[in-house]
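# Descriptive analysis of the structure
Read off the chains here:
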Amino acid sequence: MIPIRNIYYMLSYAFQALQEQGYQNVLTEEFENAAELFATILSKGISLQLKRGLNRKYITQQEPLSSIRGKTNITDSIKTRSIIKTQLVCSYDEFSENSELNRILKTTVLLLLKSDISKKRKKELRQLMVYFSNVDTLEVHSIDWNIRYNQNNQTYHLLISICNLVIKGLLQSQSMGETKLMSFLDEQRMCRLYEKFILEYYRKHYPQLSANAEQIPWQLDTESKDMLPVMQSDIMLKKGNNVLIIDAKYYSHTTQVQYDTHTLHSANLYQIFTYVKNKEIELGDKPHKVSGMLLYAKTDETIHPNNSYQMSGNQIDVKTLDLNCDFNKIKEQLDNIAKTFFSNM
């Protein structure tokens, strides 16, 4: 189990906006579950957004009007018989706050209001929804999360990401038709947060390293690349030609068991080995060192991988990161990885 406070810390690295002044007092509060944490972040975030101004966009409206506005539609005016009432159906663009971004916010907040969060938090959210009276709600299963952010809507990035975690990661249908929010994120959502947290941690605290989620090109003997999957690393740390490829894994079980024998997940090991060997060949004859690491989030299991292997001239480590401890201890574990593989840090 990961303490709620640590989930906030992970979010603050994954989304730098959480380190802004408006969110600083979140850490002074205690949270019984993840829903309460997300409700608090949304409450503060929406308040900040209201001060900046809600996102608006031109939305096409069509309705019968007594005075002409925009384009008239004579065919619809006749069909709807509005012309008899001395009205014409007009199509016009209205600069409205009823944008997709605001609809996602309102839909998420209304779901949180049905969940197990404090009365104080519900009151805050209800007060904020007064400013969304002209905003529609959405069917949660039809929301398009592929949103392009630009200078005009960048401040929504954190808020919409939190909405995504709430709707996709926390919602659980009950047999009685009610909706219940789970105490913690599901494995899939936590995996993505876990990866992003580690990457952003190294970007912030180790500027002397290049920290990115790079693609690794296949080193082929022929030019044909048809149907080959993309080799997408989670975290690649580089200093010169010293490279560490980290594959971050968040599983409920860090090992596979057969006949009471624990072994590493074979697919994970094959994957990191493939990444390392292709990266090494890419560097060619240059002096270099390429290593790999499977970094599992520690579970409640009694056996935790902590191994180092030499495979065909490369070091492959399998480690666990304990997230159920004081956050300074988590930082210490990540710092030790950097110091071990980049010894002059």
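Just above sits the structure.
Now for a quick tour of the structure. Treat the numbers as computed from the prediction; the structure is a model and nothing was measured. (Residues numbered from 1 in each chain as written. Predicted model: local features only at pLDDT ≥ 70, side-chain atom pairs only at ≥ 80, totals over all residues. Heavy atoms only, no water.)

Moving on: the sheet that holds strand 12 (residues 307-311). Adjacent strands of a sheet pair through backbone hydrogen bonds, lying either parallel or antiparallel. Taken in spatial order, the six strands make up an open sheet running 6-7-8-11-13-12, and their pairing is mixed. Taken across any chain shown, the strands that pair with only one partner, and hence form the sheet edges, are strand 6 (210-212) and strand 12. Between one strand axis and the next, the sheet turns through 20° on average, direction left out of account. With eight bridges joining them, strand 8 (residues 242-249) and strand 11 (residues 289-297) adopt parallel strand pairing. Within the sheet, the bridge partner assigned to Asn242 lies in strand 11 and is Lys289. Packed onto the sheet, helix 8 (residues 266-283) meets strand 7 (235-239), strand 8, strand 11, strand 12 and strand 13 (314-321) and runs at close to 155° relative to strand 11. Against the sheet, helix 9 (residues 327-341) contacts strand 8, strand 11 and strand 13, and its axis sits at roughly 175° relative to strand 13. (Pairing = 2+ DSSP bridges. Helix = DSSP H or I, 4+ residues; strand = E, 2+ residues; numbered from the N terminus. Axes fitted to C-alpha atoms, helices over the stretch in contact; angles between N-to-C directions. Contact = heavy atoms within 4.5 Å.)

The tally for this structure, following the rule as stated, stands at twelve aromatic pairs. Relative to Phe327, the ring of Tyr9 has its centre 4.4 Å away and its plane inclined at 20°; by these criteria the two rings are stacked. With Tyr9 in helix 1 (residues 4-14) and Phe327 in helix 9, the pair connects residues that are 318 residues apart, well separated along the chain. The class of Phe327 is buried, set by a relative accessible area of 7%. (Phe/Tyr/Trp six-rings, centres within 6.5 Å; stacked < 30°, edge-to-face > 60°. Buried < 20%, exposed > 50% of the residue type's maximum accessible area, 1.4 Å probe, protein only.)

Here we take up the pattern of salt bridges. One pass over the full model with this rule turns up 14 salt bridges. One salt bridge in this structure joins Arg5 and Glu30, with 3.3 Å as the shortest N-O distance. One end of the pair, Arg5, is in helix 1; the other, Glu30, is in the loop between helix 1 and helix 2 (34-52), with 25 residues separating them in the sequence. Owing to a relative accessible area of 32%, Arg5 belongs among the partly exposed residues under this scheme. Across the pair Glu29 and Arg121 runs a salt bridge whose closest N-O atoms are separated by 2.5 Å. Of this pair, Glu29 sits in the loop between helix 1 and helix 2 while Arg121 sits in helix 5 (residues 119-129), placing them 92 residues apart in sequence. Through salt bridges with shared partners, one network takes in Glu29, Glu36, Lys44, Arg121 and Glu124. (Salt bridge = Lys/Arg side-chain N within 4 Å of Asp/Glu carboxyl O.)

Turning to the packing of helix 2 against helix 4 (residues 100-112), a few remarks are in order. Direction vectors running N to C along helix 2 and helix 4 enclose 140°, while the axes themselves pass 11 Å from each other. Considering the angle they form, helix 2 stands oblique to helix 4. Crossing handedness for the pair helix 2 and helix 4: left-handed. Where helix 2 approaches helix 4, its residues Ala35, Ala39, Leu42 and Ile46 are matched on the opposing element by Leu105, Thr108, Val109 and Leu112. Considering only residue class, the contact of helix 2 with helix 4 consists of seven nonpolar, one polar and no charged. (Parallel < 35°, antiparallel > 145°, perpendicular 65-115°, else oblique. Left-handed = near helix turned anticlockwise from the far one by under 90°. Nonpolar A, V, L, I, M, F, W, Y, C, P; charged D, E, K, R; others polar.)

Within the fold, Asn33 resides in the loop between helix 1 and helix 2. Polar side-chain contacts of Asn33 include one of 2.8 Å to the backbone nitrogen of Glu36. Among the polar contacts made by the side chain of Asn33, one reaches the main-chain carbonyl oxygen of Asp116 at a distance of 3.3 Å. (Polar contact = N/O pair within 3.5 Å; in protein donor to acceptor, adjacent residues only side chain to side chain.)

Inspection of the secondary structure puts Asn102 in helix 4. Residue Asn102 is classed as buried on the basis of its relative accessible area, which comes to 0%. Separated by 2.6 Å, the side chains of Asn102 and Tyr156 make a polar contact. Not counting residues within four places of it along the chain, the set of residues in contact with Asn102 comprises Leu54, Asn55, Glu97, Phe132, Val135 and Tyr156.

At a minimum axis separation of 10 Å, helix 1 and helix 9 run at an interaxial angle of 50°. One finds that helix 1 runs oblique with respect to helix 9. Contact residues: helix 1 offers Asn6, Tyr9 and Tyr13, while helix 9 offers Phe327, Ile330 and Lys331.

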